[in-house]
Amino acid sequence: MSTLHRLPDREDSHTRQAEKSDGADPSRKGQAAKISSSTLDVAAGSSLAATAIAGAVAMAVAMGFGRFSYTPILPAMMADAGLSPADAGLIASANFVGYLAGAVLAAYGWAHGHERRIGLAALFATTLLLAAMGLTSSVLVYCIIRFLAGLASAFAMIFVSGIVLGQGLRATSEHVPSVHFGGVGFGIALSSICVWAAPLAGVTGLSASQADWFTGAIVALLGTALVAALLPASHHVGNGAEREAPLTWTRPLTAVTLTYGFFGFGYVITATFLVAMARDASGGHSVEFLAWLITGVSGALSVYLWRFAVPHLGLTGVYAAGLLVEAVGLVLTVSLPVAVAPLVGGLMLGATFMMVTAYGVQIGRQLAPESPRRALALMTAAFGIGQIVGPLVAGWLAERTGSFALPTLVAAVVLFCCGMVVVLELRRIRVALDR
């Protein structure tokens, strides 16, 4: 593969062995070298593909199930446990508090060389916490479980992403980030299917929300096992790599981090309450299922499809475009007829939020080349603060106005402002990226 760096020491070793066995025949030496090179490319390509798949499955488990399966299960939880919109927002925010705590903790150097082990442990913890959600109906216990789930999601996101994106960067592969972050959308779509299919199992003695949480836990366990089989060791292990330097804040990095944090506030309102909005609009179970399924499918494809706009707009331009497009999508979610609004809202949310997340992280890492993991962790922390505030504000406004229309419009305004900030700082960010 032309995108993969060669491994000179191994290649030279193979070539020397071929030369020794072939004598002094130059043609046979050249042929052996070509075969050796081709073999290395295939092996490296297979290893890179396995890493990308491991990353995608890890994101599906940690994010698609660990974080976002709360959205399609929420209507059943509200019915089974008698939760109010404010209760639902509080539980969602507890998850994001845990995510913020995990992001802050991950910014320190304690995990150096142990990224793979911690990432896998976080995925396994996600599985247990999914199952635990089906064992209670207490708002307080829900909050504790979701806090721990947020902590596990952050660890999995940061440490697994560090391994996967690092290997993709060393191989100069454009496909690894697309596959890796596309796993979130795949997980969202699969969680929607699980919620739709769980009642079909006909298990007696379980409420609808319990069946949903237990089904998700089983799928997450299978995904964790697959990641354990495919994920390579951290690049830091055994290579004597130095710890990352302290993060240097520049104006471009500050602008991207702040907009990334406010993006967390804006997108999470729809990402948390979209299915509940569909139920409030009497869309029926099929509309609830389709809204979240469309969100996941479009999210899985979005990172790849938006790549085609990068040559025309640049990475930062696409990031800004995603923020503005999502703002429009939020307005459509509350302005279109109730029969189609959740579907269009899910499409627009999926088409943008995963791309904005992925490209924002890439921009942040490139703006801090000496401290990429610290930049990732602190951007995730900013994102987490936005996510904590978003559901609290949305739940409070929805309970007082009787609908999610006002909080959705507030989120649209915030995202529009974020997009305009990036547009105004576009030249400075591009200059910094080109250094």
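Residues numbered from 1 in each chain as written. Predicted model: local features only at pLDDT ≥ 70, side-chain atom pairs only at ≥ 80, totals over all residues. Heavy atoms only, no water.

Visitor: Break down the overall build of the protein for me, with residues and values.
Guide: Looking only at helices and strands, one finds 15 helices and 0 strands in the protein. The burial tally for the protein puts 54% of its 435 residues in the buried class. Within the protein, counting contacts between residues at least 6 apart in sequence, those at least 24 apart form 86% of the total. As displayed, the protein offers around 17,900 Å² of accessible surface, 68% of which is attributable to carbon and sulfur atoms. (Helix = DSSP H or I, 4+ residues; strand = E, 2+ residues; numbered from the N terminus. Buried < 20%, exposed > 50% of the residue type's maximum accessible area, 1.4 Å probe, protein only. Contact = heavy atoms within 4.5 Å. Areas by Shrake-Rupley, 256 points an atom, 1.4 Å probe, with all protein chains shown as cover.)

Visitor: So what's going on with the pattern of salt bridges? Which residues, and what values?
Guide: One pass over the full model with this rule turns up 2 salt bridges. A salt bridge links Glu425 to Arg251; the nearest nitrogen and oxygen atoms lie 2.7 Å apart. Remark: Arg251 occurs in helix α9 (residues 251–280) and Glu425 occurs in the loop between α14 (405–424) and α15 (426–434); sequence separation between them is 174 residues. The exposure class of Glu425 is buried, given its relative accessible area of 11%. The salt bridge partner of Glu425 is Arg428, with a shortest N-O separation of 3.6 Å. The network of salt bridges with shared partners includes Arg251, Glu425 and Arg428. (Salt bridge = Lys/Arg side-chain N within 4 Å of Asp/Glu carboxyl O.)

Visitor: Account for the confidence of the model for the protein, with residues named and values stated.
Guide: Per-residue pLDDT for the protein averages 82, and the proportion of residues at 70 or more is 84%. Taken as a whole, residues 1–21 scores under 50 in pLDDT and shows 26 contacts with residues more than four places along the chain or in a different chain. Every residue in residues 236–241 scores below 50 in pLDDT, and together they form 6 contacts with partners more than four places removed in sequence or on other chains. (pLDDT = per-residue confidence, 0-100.)

Visitor: Help me get a handle on the side chain of His180, residues and values and all.
Guide: Structurally, the position occupied by His180 is in helix α7 (residues 175–197). In this structure His180 comes out as buried when scored by relative accessible area, which is 0%. For His180, the side chain forms a polar contact with the main-chain oxygen of Gly55, separated by 3.4 Å. Of the polar contacts made by the side chain of His180, one reaches the side chain of Ser161; its length is 2.8 Å. Discounting residues that sit within four places of it in the chain, His180 has contacts with Ala52, Gly55, Ala56, Met59, Val160, Ser161, Val164 and Leu165. (Polar contact = N/O pair within 3.5 Å; in protein donor to acceptor, adjacent residues only side chain to side chain.)

Visitor: Tell me what's going on with the packing of helix α5 (residues 115–132) against helix α8 (residues 208–230), and back it up with residues and numbers.
Guide: One way to put it is that α5 packs onto α8 with a least axis distance of 7 Å and a crossing angle of 165°. The angle between α5 and α8 falls in the class roughly antiparallel. In terms of crossing hand, the pair formed by α5 and α8 is left-handed. Of the residues in α8, those touching α5 at Arg116, Leu120, Leu123, Phe124, Thr127, Leu130 and Ala131 are Trp213, Phe214, Gly216, Ala217, Ala220, Leu221, Thr224, Val227 and Ala228. Partitioning the contact of α5 with α8 into residue classes produces 12 nonpolar, 3 polar and 1 charged. (Axes fitted to C-alpha atoms, helices over the stretch in contact; angles between N-to-C directions. Parallel < 35°, antiparallel > 145°, perpendicular 65-115°, else oblique. Left-handed = near helix turned anticlockwise from the far one by under 90°. Nonpolar A, V, L, I, M, F, W, Y, C, P; charged D, E, K, R; others polar.)

Visitor: Describe in detail the nonpolar core, supporting the description with residues and values.
Guide: Ranked by size, the top nonpolar core spans 118 residues in total, and within it Phe68 and Tyr267 carry the most contacts. When residues of this core are assigned to their parent elements, the largest contribution, 15 residues, is made by helix α6 (residues 139–170). Setting aside anything within four residues of it in sequence, one finds Phe68 in contact with Met63, Val184, Ile188, Tyr267, Ala271, Trp292 and Phe353. (Core = buried A, V, L, I, M, F, W, Y, C linked by side-chain atoms within 4.5 Å.)

Visitor: Tell me about the packing of aromatic side chains, and name the residues and values.
Guide: Scanning all chains against the criterion turns up 11 aromatic pairs. Arranged with centres 5.6 Å apart and planes meeting at 40°, the rings of Phe263 and Phe383 form a pair that is tilted. With Phe263 in helix α9 and Phe383 in helix α13 (residues 372–401), the pair connects residues that are 120 residues apart, well separated along the chain. Accessibility expressed as a relative area gives 0% for Phe263, which makes it buried. (Phe/Tyr/Trp six-rings, centres within 6.5 Å; stacked < 30°, edge-to-face > 60°.)

Visitor: Please provide a residue-by-residue account of the environment of Glu326, values included.
Guide: Turning to its location among the elements, Glu326 is positioned in helix α11 (residues 310–335). Sequence separation between Glu326 and Phe353 is 27 residues; the distance between their C-alpha atoms is 7.4 Å. In this structure Glu326 touches Phe263, Tyr267, Leu349, Thr352, Phe353 and Leu415, once residues within four positions along its chain are discounted.

Visitor: Can you tell me about the environment of Glu115, naming the residues and giving the values?
Guide: For Glu115, the position within the fold is in helix α5. The class for Glu115 is buried, based on a relative accessible area of 4%. Spatially, the C-alpha atom of Glu115 lies 7.5 Å from that of Ile163, the residues being 48 residues apart in sequence.

Visitor: Explain the side chain of Ser178 residue by residue, including any values.
Guide: The topology assignment puts Ser178 in helix α7. Overall, Ser178 belongs to the buried group, its relative accessible area being 7%. With sequence-adjacent residues up to four places away left out, Ser178 is seen in contact with Val303, Tyr304 and Arg307.

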